[in-house]
Amino acid sequence: MKEIIRIALDGPSGSGKSTIAKRLSSTLKILYLDTGAMYRATALKAISLGIDTLDELGVSTFIDDIDLQIKYVDGTQHTFLDGEDVSERIREPHVSMAASNISSLKCVRLKMVDMQRKIASEMSCVLDGRDIGSYVLPNADYKFYITASVDVRADRRYKELMLKGHSVEYNALKKEIEQRDYNDMHRDFSPLTKADDAVEIDTSYMSVEQVIGKVMSYLK
Ligand code: DC
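This section reports on the structure supplied with the text. (Residues numbered from 1 in each chain as written. Predicted model: local features only at pLDDT ≥ 70, side-chain atom pairs only at ≥ 80, totals over all residues. Heavy atoms only, no water.)

### A word on the sheet that holds strand β5 (residues 84–85)
For step 1, the next point in the chain: Strand order in the open sheet formed by three strands is β3-β4-β5, with antiparallel pairing between adjacent strands. Whereas interior strands pair on both sides, the edge strands pair on one side only; in this sheet they are β3 (68–73) and β5.
For step 2, the next point in the chain: Bridge analysis of strand β4 (residues 76–81) against β5 gives two bridges, and the strand direction is antiparallel. Each bridged residue has a counterpart across the sheet, and for L81 the counterpart in β5 is E84.
For step 3, the next point in the chain: Against the sheet, helix α2 (residues 35–49) engages β3 and β4, with an angle of about 25° to β4. (Pairing = 2+ DSSP bridges. Helix = DSSP H or I, 4+ residues; strand = E, 2+ residues; numbered from the N terminus. Contact = heavy atoms within 4.5 Å. Axes fitted to C-alpha atoms, helices over the stretch in contact; angles between N-to-C directions.)

Rendered as structure tokens:
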């Protein structure tokens, strides 16, 4: 049996990737790396420095030395920026678009991809993101492209944010998701795309159990 197994889960925001990745990680007892958290933390760093998240020159002044660490506490990923656990702060709504913007910068992607490949080289893992199967780990053992309609994704994100106590306006949220989709799919360097050899799963009308069942059927 192969020693290290790598599973790539890509797709647009709100498609259900992280739910699936967490379940796969606990069922298969392998690491889960949420790569979006790394772009979010990088965006937070730029915001704290007052640097525009689309200003490549500005971002390039800190990216090489960014103190960004991923640690696991009881199996759950925690993201540390400059020694502070920012796992909650990076989920705040204003960070989402900032992360999408900063992730379009080549200097940011090169740095993040480097870190992701290093983590993935050390142990079996499931990574979720936008370019895992197409760019970060083109030789991943299994690749899935998880998608859902924009309405379903906006509904899911709306409920999630409401549960966390954020007040959001549904139509603005849906618009933002569409804008992020566009950004993520149209950036020059490693855009969100389905790898040719990825299995596409549309989760719009599927329960979590159904999606897990489908993914697991490929792993057996
Ligand atoms: O998955 P998420 O919503 O937390 O990701 C936040 C942003 O980070 C997303 O809009 C695009 C970017 N991202 C990326 O470009 N590549 C990845 N592998 C993961 C996320």
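### Thoughts on the sheet that holds strand β8 (residues 199–202)
For step 1, the next point in the chain: Spatial ordering of the open sheet is given by β2-β6-β1-β7-β8, a layout of five strands whose pairing is parallel. Lying at the two open borders of the sheet, with one neighbouring strand each, are β2 (31–34) and β8. On average, adjacent strands in this sheet sit at an angle of 20° to one another, irrespective of strand direction.
For step 2, the next point in the chain: Pairing of strand β7 (residues 142–147) with β8, which is carried by four bridges, proceeds in the parallel orientation. Looking across to β8, one finds that F144 is bridged to V199.
For step 3, the next point in the chain: On the sheet, helix α9 (residues 208–219) packs against β1 (6–10), β7 and β8 and is oriented at approximately 160° with respect to β7.

### Details of the layout of surface pockets
Rolling a probe over the atoms, with the probe sized like a water molecule, indicates the empty space that remains.
For step 1, the next point in the chain: Here the second largest pocket is characterised by a volume of approximately 210 Å³.
For step 2, the next point in the chain: If you trace the second largest pocket, you find it lined by L31, L68, Q69, I70, Y72, K111, D114, M115, K118, I119, E122 and M123.
For step 3, the next point in the chain: Residue contributions to the lining of the second largest pocket peak at six residues, all from helix α5 (residues 106–122).
For step 4, the next point in the chain: Grouping the constituent residues of the lining of the second largest pocket by class yields seven nonpolar, one polar and four charged. (1 Å grid on protein atoms, 1.4 Å probe; cavity = no way out; pocket = protein on both sides within 12 Å on 5 of 7 lines; lining within 4 Å. Points joined across faces, edges and corners; volume = space filled by probe spheres on them. Nonpolar A, V, L, I, M, F, W, Y, C, P; charged D, E, K, R; others polar.)

### Overview of the site of the ligand
For step 1, the next point in the chain: Taken together, 16 residues lie near the ligand, and R40, R109, R180, D184 and R187 sit nearest.
For step 2, the next point in the chain: Here an oxygen atom of the ligand and a side-chain polar atom of R130 are 3.0 Å apart.
For step 3, the next point in the chain: Interatomic distance of 3.0 Å between a side-chain N/O atom of D131 and a nitrogen atom of the ligand.
For step 4, the next point in the chain: Relative to its unbound accessible surface of 450 Å², the ligand loses 97% to contact with the protein.
For step 5, the next point in the chain: Contributions of two or more residues to the shell around the ligand are made by α2, α4 (93–102) and α8 (170–186).
For step 6, the next point in the chain: At four residues, the largest contribution of residues to the shell around the ligand is made by α2.
For step 7, the next point in the chain: Among the residues forming the shell around the ligand, the class breakdown is three nonpolar, five polar and eight charged. (Near = heavy atom within 4 Å. Polar contact = N/O pair within 3.5 Å; in protein donor to acceptor, adjacent residues only side chain to side chain. Areas by Shrake-Rupley, 256 points an atom, 1.4 Å probe, with all protein chains shown as cover.)

### Structural notes on unusual backbone geometry
For step 1, the next point in the chain: Here K29, not a glycine, exhibits a phi torsion of approximately 55°, which is positive.
For step 2, the next point in the chain: For K29, the position within the fold is in the loop between α1 (17–28) and β2.
For step 3, the next point in the chain: With phi around 50°, D74 is a residue other than glycine that occupies positive phi space.
For step 4, the next point in the chain: Mapped onto the elements, D74 comes out in the loop between β3 and β4.

### What to know about α5
For step 1, the next point in the chain: If you check α5, its first and last C-alpha atoms are 25 Å apart, about what 17 residues at 1.5 Å a residue would give, namely 24 Å.
For step 2, the next point in the chain: Turning to α5, its buried residues are C107, V108, R109, M112, V113, M115, Q116, I119 and A120. (Expected span 1.5 Å × (residues − 1). Buried < 20%, exposed > 50% of the residue type's maximum accessible area, 1.4 Å probe, protein only.)

### Some remarks on the packing of aromatic side chains
For step 1, the next point in the chain: Under the counting rule described, the total for this entry stands at three aromatic pairs.
For step 2, the next point in the chain: Ring geometry for Y135 versus F189: centroids 5.4 Å apart, planes at 70°, classification edge-to-face. Of the two residues, Y135 is situated in helix α6 (residues 132–136) and F189 in the loop between α8 and β8; the sequence distance between them amounts to 54 residues.
For step 3, the next point in the chain: Taking the relative accessible area as the measure of exposure, Y135 reaches 27% and is therefore partly exposed.
For step 4, the next point in the chain: A ring pair is formed by Y158 and Y170, whose centres lie 5.8 Å apart and whose planes are at 80°; its orientation type is edge-to-face. (Phe/Tyr/Trp six-rings, centres within 6.5 Å; stacked < 30°, edge-to-face > 60°.)

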